[in-house]
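Topology and contacts: notes
The residues making up each chain are set out below.
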Protein chains: 2
Amino acid sequence: MKTEYSPRVTTDSHAVTLTVDCAIFGFADDSLRVLLVRRAVEPYRGDWVLPGGAMYQNETLEDAAIRVLRDLVNVEDIPMHQVATYSAVNRHPVRRVITSSYFALVSPEDHDPIAREHLDQARWCALNELPELGFDHRIILDDAYEALKQELRSQPLAFHLLPESFTLKEAQEVYEAILGEELDRRNFRRKILSYDFLINTAEKKPGVKGGPELYRVDDVKLEEHMS
Amino acid sequence: MKTEYSPRVTTDSHAVTLTVDCAIFGFADDSLRVLLVRRAVEPYRGDWVLPGGAMYQNETLEDAAIRVLRDLVNVEDIPMHQVATYSAVNRHPVRRVITSSYFALVSPEDHDPIAREHLDQARWCALNELPELGFDHRIILDDAYEALKQELRSQPLAFHLLPESFTLKEAQEVYEAILGEELDRRNFRRKILSYDFLINTAEKKPGVKGGPELYRVDDVKLEEHMS
DNA sequence: GCAAAAGTGTTTCATCTACACCCATGC
DNA sequence: GCATGGGTGTAGATGAAACACTTTTGC
């Protein structure tokens, strides 16, 4: 049996609103978090959701996602990755809203994210302590998290989360927090040192037992790996 | 140099048309082909493009893709896979059109696909003999083809392209045509027999040297593998 | 009977995984 | 000096790729 369609059948989609929703992942307290905002207006007033917004007529979806990211956490030049587009007819209770999702990976800036317009709070939320999310955002977030992990396994996405120079242990902790699993220290070292964009600075990090060596990234070579 | 945007700036997207474009892959003459249609109206009149169309207000993008598939090649119950959403501001020369792409894998039906409405021809086109495509459809097609190959490597997507009973050689030819590379016969046999949804019918295909054995799929077990 | 295709197992190689010891530093 | 963490190499398991011979059938 086929789905029944209501009788209004048109050949265009002018009454549809297009939005982006962003899963902005970042670190705080050595754990992976995602930025959530709380709605101050209906529908889903008081519920936590992924930050997002309507696409302007003269920008791309990616531009819109970058704009959301800039407005909330004041970072630019962070790559946004498109994940999927969600178009269920009743995903928004009032109007027809279709959304494309993006994810990004940032180091949380010093200043707190600002809740504006329809929002009254913003918060970095650990992935294992998520509240219920409004709309279908839980599904969107889960899909985005899977895409993030998938991408990290094949590409060195995470080095911009680290300070200028860092120890391999610190890099490993970032990977472990994102992937949600522990990694073998020696295997991890071998894997990332087999890439050629890590430079041993021949300095040791002071104040840490064992005297770990500091590394920094060769930005040019990292760029080659990412393309 | 960045693209110049027109000065109209609004906060919603009501003037945007949402469409789907479908990369419908199928077989003819032992080679992988994709269904192309030729536009009979401006813009891009006379150019070949992927079949597609506007989403109706009361259907999902996926519904729209399924509708396009049904109208063109009269098949249903074939899974459509979403690939990506394309939103460059000037990808359509007249209006703002944002499109989501899907791919599907079908066995070309007996009847030829019908060109209707804005189209004057439809044709199964071999991937190495593609004409120039209108809009940004060459990029969309390339992305969809990559997604198809990716999916086939991890999931047995292609068995509905084969007749009720078939030889492993025939299955291998389907895989080779889709992936665009030759496969080792023994490694291929081992791999797909390690799945448990292939049933040896104990019959041999007549009229073929070597007397190859015929197999059929256990639909229930195949379904488990696909989920 | 001979040419062409089908059926079958083993070896090699690369990759991932698990694991133990010595050395450097902080306290 | 001792406890903690950093640095290093190897052996085993697992999966992918390469490869040759025998059997069956069409002609």
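Given the structure is predicted, the values throughout are model-derived calculations rather than measurements. (Residues numbered from 1 in each chain as written. Chains lettered and ligands numbered in written order. Predicted model: local features only at pLDDT ≥ 70, side-chain atom pairs only at ≥ 80, totals over all residues. Heavy atoms only, no water.)

All right, on to the domain arrangement of chain A then. Residue and element names in this part refer to chain A. Assigned domains of chain A: these are domain 1 (17-152) and domain 2 (159-226). For domain 1 versus domain 2, the separation of C-alpha centres amounts to 28 Å. Facing 12 residues of domain 1, the contacting portion of domain 2 comprises eight residues. For the pair domain 1 and domain 2, the two sides together bury roughly 920 Å², of which 74% comes from carbon and sulfur. Counting the surface domain 1 buries against domain 2, the share from its top three residues, Phe 27, Leu 105 and Leu 152, is 51%. Where domain 1 touches domain 2, the interface holds zero salt bridges. Inspection of the region where domain 1 meets domain 2 yields two residue pairs in polar contact (both at pLDDT 80 or more). Every element with two or more residues in the side of domain 1 that touches domain 2 is listed here: β2 (31-39), β6 (97-106) and α2 (137-154). Considered class by class, the residues forming the side of domain 1 that touches domain 2 number eight nonpolar, two polar and two charged. (Domains from an automatic or database assignment. Contact = heavy atoms within 4.5 Å. Buried area = accessible area lost by both parts, 1.4 Å probe. Salt bridge = Lys/Arg side-chain N within 4 Å of Asp/Glu carboxyl O. Polar contact = N/O pair within 3.5 Å; in protein donor to acceptor, adjacent residues only side chain to side chain. Helix = DSSP H or I, 4+ residues; strand = E, 2+ residues; numbered from the N terminus. Nonpolar A, V, L, I, M, F, W, Y, C, P; charged D, E, K, R; others polar.)

Our focus in this paragraph is the pattern of salt bridges. Residues and elements named next belong to chain A. This structure, assessed with the given rule, holds 18 salt bridges over all chains. In this structure, Glu 76 and Arg 70 form a salt bridge, with 3.5 Å as the shortest nitrogen-oxygen distance. With a relative accessible area of 45%, Glu 76 lands in the partly exposed category. Residue class for Arg 70 comes out partly exposed when judged on its relative accessible area of 30%. (Buried < 20%, exposed > 50% of the residue type's maximum accessible area, 1.4 Å probe, protein only.)

Residue and element names in this part refer to chain A. On the surface, Lys 169, Arg 185, Arg 186, Arg 189 and Arg 190 cluster together to form a positively charged patch. Here the positive patch gets four residues from one element, more than from any other, and that element is helix α4 (residues 185-194). Within the secondary structure, Arg 186 sits in helix α4. Classification of Arg 186 as exposed rests on a relative accessible area of 60%. (Patch = residues over 30% accessible without salt bridge, like charges linked within 9 Å, V, L, I, M, F, W, Y side chains within 5 Å. Areas by Shrake-Rupley, 256 points an atom, 1.4 Å probe, with all protein chains shown as cover. Lys, Arg positive; Asp, Glu negative; His and termini not counted. Charge placed at Lys NZ, Arg CZ, Asp CG, Glu CD.)

By nearness alone, 20 residues border DNA strand C, and Arg 186 and Lys 209 of chain A together with Arg 185, Arg 189 and Glu 213 of chain B come closest of all. Here the atoms of DNA strand C within 4 Å of the protein split so that 41% fall in sugar or phosphate, with bases taking the remainder. Within the side chain of Arg 189 of chain B, a nitrogen or oxygen atom sits 2.7 Å from a phosphate oxygen of DNA strand C. Contributing elements (two or more residues each) for the surface near DNA strand C: α4 of chain A together with α4 (185-194) of chain B. A breakdown of the residues in the surface near DNA strand C according to their chemical character gives two nonpolar, five polar and 13 charged. (Near = heavy atom within 4 Å.)

With that settled, consider the protein's contact with DNA strand D. Near DNA strand D lie 20 residues; those nearest to it are Arg 185, Arg 186, Arg 189 and Glu 213 of chain A together with Arg 186 of chain B. The protein-proximal atoms of DNA strand D, defined as those within 4 Å of the protein, are 41% sugar or phosphate. Here a base nitrogen of DNA strand D sits 3.2 Å away from a polar atom, N or O, in the side chain of Asn 187 of chain B. The backbone of Gly 207 of chain B places a nitrogen or oxygen atom 3.5 Å from a phosphate oxygen of DNA strand D. Its residues assigned to classes, the surface near DNA strand D shows two nonpolar, five polar and 13 charged.

This part is about the nonpolar core. Ile 24 and Leu 69 of chain A together with Ile 24 and Leu 69 of chain B are the most contacted members of the largest nonpolar core, which has 50 residues in total. Only β1 (17-28), β2, α1 (61-73) and β6 of chain A together with β1 (17-28), β2 (31-39), α1 (61-73) and β6 (97-106) of chain B provide two or more residues apiece to this core. Among all residues touching Ile 24 of chain A, those that are not within four sequence positions of it are Arg 33, Val 34, Leu 35, Pro 51, Leu 69, Leu 72, Ala 104, Val 106 and Trp 124 of chain A. (Core = buried A, V, L, I, M, F, W, Y, C linked by side-chain atoms within 4.5 Å.)

Right, let's talk about the packing of aromatic side chains for a bit. Residue and element names in this part refer to chain B. A complete count under the given rule lists 14 aromatic pairs over all chains for this structure. Ring centres of Tyr 44 and Phe 135 lie 4.4 Å apart, and the angle between their planes is 50°; on these two criteria the pair is classed as tilted. Of this pair, Tyr 44 sits in the loop between β2 and β3 (48-49) while Phe 135 sits in the loop between β7 (119-126) and α2 (137-154), and the two are 91 residues apart along the sequence. You can call Tyr 44 partly exposed: its relative accessible area is 31%. Look at Phe 159 and Phe 197: their rings are 5.3 Å apart centre to centre, the planes differ by 80°, and that puts the pair in the edge-to-face class. With Phe 159 in the loop between α2 and β8 (166-167) and Phe 197 in the loop between α4 and β9 (198-204), the pair connects residues that are 38 residues apart, well separated along the chain. By relative accessible area, which is 5% here, Phe 159 ends up buried. Of the residues examined, Phe 197 reaches a relative accessible area of 0% and is grouped as buried. (Phe/Tyr/Trp six-rings, centres within 6.5 Å; stacked < 30°, edge-to-face > 60°.)

Below, the discussion takes up the state of the cysteines. Residue and element names in this part refer to chain A. All chains considered together, the criterion is met by zero disulfides over all chains. Cys 22 carries a free sulfur, and the closest cysteine sulfur to it, the one in Cys 125, is 17 Å from it. By relative accessible area, which is 0% here, Cys 22 ends up buried. (Disulfide = S-S within 2.5 Å.)

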